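Next come the chains, spelled out residue by residue.
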Amino acid sequence: MERAAITALPPELSPQAAPGTWEAALSMIAEDTRLANARVLNCGAGRGGLSKLIHDSGREVVSVDLHPEHFVVAGLECQFADVTKPLPYPDESFDCVLSVEVMEHLENPWFFFREAVRVLRLGGQFIFTSPNVENVPSRMNFLRQGELPYFRQESFDGCYHVTPIFSWAVDRCCSTCDAVVEEVRYSRVDWPRSNDIPRYDDGKGWRRKLLNLLPSNGRFGEIAAYRIAKIRKETRFEVGSHTG
């Protein structure tokens, strides 16, 4: 599941996410020996490019989407699922749940988060990506304009980006279920254009060379990829609890 495999996909299966997003998520699967023979649930499968790459790597993939008719991979199936509702699978059914660029579209992403954890086997991995709203460009843009990149009006109108995902919120959601953040990776260093369209430069040009001098971390990474592990907790924070 290297970059070469992604670039070799036919146009109808190529990434629609910002450059580097698929690589960040897939590397988490490819490099984890615990997922070598994993059964993977791909939530928000879209046209099916990610599902094909997972299948071609020798892993079993189950694909679901709100619009399964958009799925075009020959030989694979995509089932309907609305991730704002309970997932149609028993507890502990999968080794990995993958969700690329879905969380920010959900009005209540934490319900889906806990559902993903529910259907994971103990030790399983929930891997998801979302725009990094904590990097320096995001902070500067919010300071100047009161808006976050990838959450401007254009993103609301065009693809319903409604919920920025902050790392502290991910940690707090983990405290309410049997989950812990194991790792956060980031895609390339960059930020979208003023209309929230990602910048496509094919990794070339002076601007890209300058940006590559910066570390791809929480301060500068464009897209965040989270690896959440399912663990067994003796105690959890009770959802909705309060004092006073």
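You'll find the structure just up there.
Attention in this report is confined to the structure presented alongside it.

According to the stated counting rule, one finds 23 salt bridges in the structure shown. In this structure, D95 engages R121 in a salt bridge whose closest nitrogen and oxygen atoms are separated by 3.1 Å. Of the two residues, D95 sits in strand 4 (residues 94–100) while R121 sits in strand 5 (residues 120–131), which places them 26 residues apart along the sequence. For D95, a relative accessible area of 21% gives the class partly exposed.

Taken together, the seven strands give an open sheet; going across it, the order is 3-2-1-4-5-7-6, and neighbouring strands pair in mixed fashion. What marks the edges here is a single partner per strand, and that holds for strand 3 (78–80) and strand 6 (179–186). Within this sheet the neighbouring strands show an average axis-to-axis angle of 20°, counted without direction. Pairing between strand 4 and strand 5: six bridges, direction parallel. Each residue of the ladder has a partner; that of V97, found in strand 5, is F126. Sheet contacts for helix 3 (residues 49–56): strand 1 (39–43), strand 2 (60–65) and strand 4; angle to strand 2, the most-contacted strand, approximately 170°. The sheet strands contacting helix 7 (residues 167–175) are strand 5, strand 6 and strand 7 (223–230), and the helix crosses strand 6 at an angle near 155°.

Turning to the packing of aromatic side chains, a few remarks are in order. One pass over the structure, following the stated rule, counts nine aromatic pairs. Ring centres of Y89 and F94 lie 5.1 Å apart, and the angle between their planes is 90°; this geometry places the pair in the edge-to-face category. An identical accessibility class is assigned to Y89 and F94; each is buried. One aromatic cluster is present, formed by W110, F112, F113, F126, F128 and Y226 through successive ring pairs. Over the aromatic face of W191 sits the side chain of R207, whose NZ or CZ is 5.1 Å from the ring centroid.

Bringing the side chain of R152 into the picture now. For R152, the position within the fold is in the loop between helix 5 (136–145) and helix 6 (153–159). Here the side chain of R152 touches N141 through a polar contact of 3.1 Å, side chain to side chain. Among all residues touching R152, those that are not within four sequence positions of it are N141, Q145, E147, P192, R193, S194 and D196.

Procedures and definitions
Here, residues in each chain are numbered from 1, in the same order as that chain's written sequence. Side-chain atom pairs in this predicted model are given and counted only at pLDDT of 80 or more, local residue features only at pLDDT of at least 70, and totals for whole chains, interfaces and linings cover all residues. Water and hydrogen atoms play no part in the side-chain values, which are based on all heavy atoms of the structure. Every case where a carboxyl oxygen of Asp or Glu lies within 4 Å of a side-chain nitrogen of Lys or Arg is listed as a salt bridge. Secondary structure is summarised from DSSP: a helix means a run of H or I of at least four residues, a strand means a run of E of at least two, and numbering begins at the N terminus for each. Residue exposure (1.4 Å probe, protein chains only): buried if accessible area is under 20% of the type maximum, exposed if over 50%, otherwise partly exposed. Strands pair, by our definition, only if DSSP identifies at least two bridges between them. To obtain each axis, a line is fitted to C-alpha atoms, and for helices this fit is confined to the stretch in contact; angles are then taken between N-to-C directions over 0 to 180 degrees. We call two residues contacting when some pair of their heavy atoms lies within 4.5 Å. Two rings from Phe, Tyr or Trp (for Trp, the six-membered ring) form a pair when their centres are within 6.5 Å of each other. A pair whose planes differ by under 30 degrees is stacked, one over 60 is edge-to-face, and the rest are tilted. Here, a charge over a ring means that NZ of Lys or CZ of Arg falls within 6 Å of the ring centre while also lying within 35 degrees of the ring normal. Between N or O atoms, a polar contact is any pair within 3.5 Å; within protein, one atom must be a potential hydrogen donor and the other a potential acceptor, and residues adjacent in sequence are included only when both atoms are from side chains.

Any functional reading would require information beyond the geometric quantities listed.
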